[in-house]
Amino acid sequence: MALVVLGLGSNLQRQRHLRRALDALTDLAGASPLRLSRVFESPAVGFDDDRPFYNLVVAFDTELSPGDVTDRCKRIEGDNGRPPGPAKFIARTLDIDVLLWGDAVGCYGEARLPREDITRYAFVLHPLAELLPAHAHPVDGRTFDELWAAFDATGQPHWAVDFRWGGRWISRADER
């Protein structure tokens, strides 16, 4: 079993698509419970559509390969109306990125692990540090909590939002 960590984002019908993604990921994870960060909102910087994004990090244990996880995530994106292809900086119903798969380092099909976005974007590192604070980055060696403490989030505003899924609050804006 390996711990797979995914980054989810949406700026079109955000709540609907993130909830649908979490439902699908519950099926993908099987008996392994989903571990969820809070949901963060951030501006869409450099996009053709200025609607803000909702982002969160999801973790679960799996016996699937990184390639299988990536393929299933692409299917979930497609099921939520995301067109296939490499288009960047366009509004999206759903974006699912494999951030980590165990301590894997390297290219696994379309997935380059660990994903560079971890140390590049506050909306990825902050929820990751909340969800897995003591987990070490497979290349850097520092924990995600240490990486977040050293991160300069200037110019990368993001804030926690209220979000319900499965009949419960998974994110509250006023927590922490």
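Our subject is the structure listed above.
Presented here is an overview of the structure given in this document. Given the structure is predicted, the values throughout are model-derived calculations rather than measurements. (Residues numbered from 1 in each chain as written. Predicted model: local features only at pLDDT ≥ 70, side-chain atom pairs only at ≥ 80, totals over all residues. Heavy atoms only, no water.)

**What to know about the pattern of salt bridges**
Then step 1. Tallied over the entire structure, the rule returns 13 salt bridges.
Then step 2. For the salt bridge of Arg14 with Glu41, the shortest nitrogen-to-oxygen distance reads 2.7 Å. Placement of the pair is Arg14 in helix α1 (residues 14–29) and Glu41 in strand β3 (residues 39–42), with a sequence separation of 27 residues.
Then step 3. As a salt-bridge pair, Asp117 and Arg115 come within 3.0 Å of each other at their nearest N and O atoms.
Then step 4. Residue classification places Arg115 among the partly exposed residues on the basis of a relative accessible area of 27%.
Then step 5. Connected via shared salt-bridge partners are Lys74, Glu77, Arg82, Arg92 and Asp95. (Salt bridge = Lys/Arg side-chain N within 4 Å of Asp/Glu carboxyl O. Helix = DSSP H or I, 4+ residues; strand = E, 2+ residues; numbered from the N terminus. Buried < 20%, exposed > 50% of the residue type's maximum accessible area, 1.4 Å probe, protein only.)

**Comments concerning the nonpolar core**
Soluble globular proteins tend to pack their nonpolar side chains together in the buried interior.
Then step 1. Core analysis: the biggest nonpolar cluster contains 30 residues, and Leu6, Leu8, Leu22, Leu34, Leu56 and Val58 have the highest contact counts within it.
Then step 2. The set of elements that each furnish at least two residues to this core consists of β1 (2–10), α1, β4 (53–62), α2 (66–79), β5 (95–101), β7 (111–113) and β9 (163–165).
Then step 3. Residues in contact with Val58, not counting those within four places in the same chain, are Val4, Val5, Leu6, Leu8, Leu22, Leu25, Leu34, Arg35, Leu36 and Leu131.
Then step 4. In this structure, Ala122, Val124, Leu147 and Phe151 belong to the second largest nonpolar core, which totals 17 residues. (Core = buried A, V, L, I, M, F, W, Y, C linked by side-chain atoms within 4.5 Å. Contact = heavy atoms within 4.5 Å.)

**What to know about the packing of α1 against α2**
Then step 1. Taken N-terminus to C-terminus, the directions of α1 and α2 make an angle of 145 degrees; their axes are 10 Å apart at the nearest point. At the point where α1 passes α2, the crossing takes the right-handed sense. Contact residues: Arg20, Ala21, Ala24, Leu25 and Leu28 in α1; Arg72, Ile76 and Asp79 in α2.
Then step 2. The residue makeup of the contact of α1 with α2, split by class, is 5 nonpolar, no polar and 3 charged. (Axes fitted to C-alpha atoms, helices over the stretch in contact; angles between N-to-C directions. Left-handed = near helix turned anticlockwise from the far one by under 90°. Nonpolar A, V, L, I, M, F, W, Y, C, P; charged D, E, K, R; others polar.)

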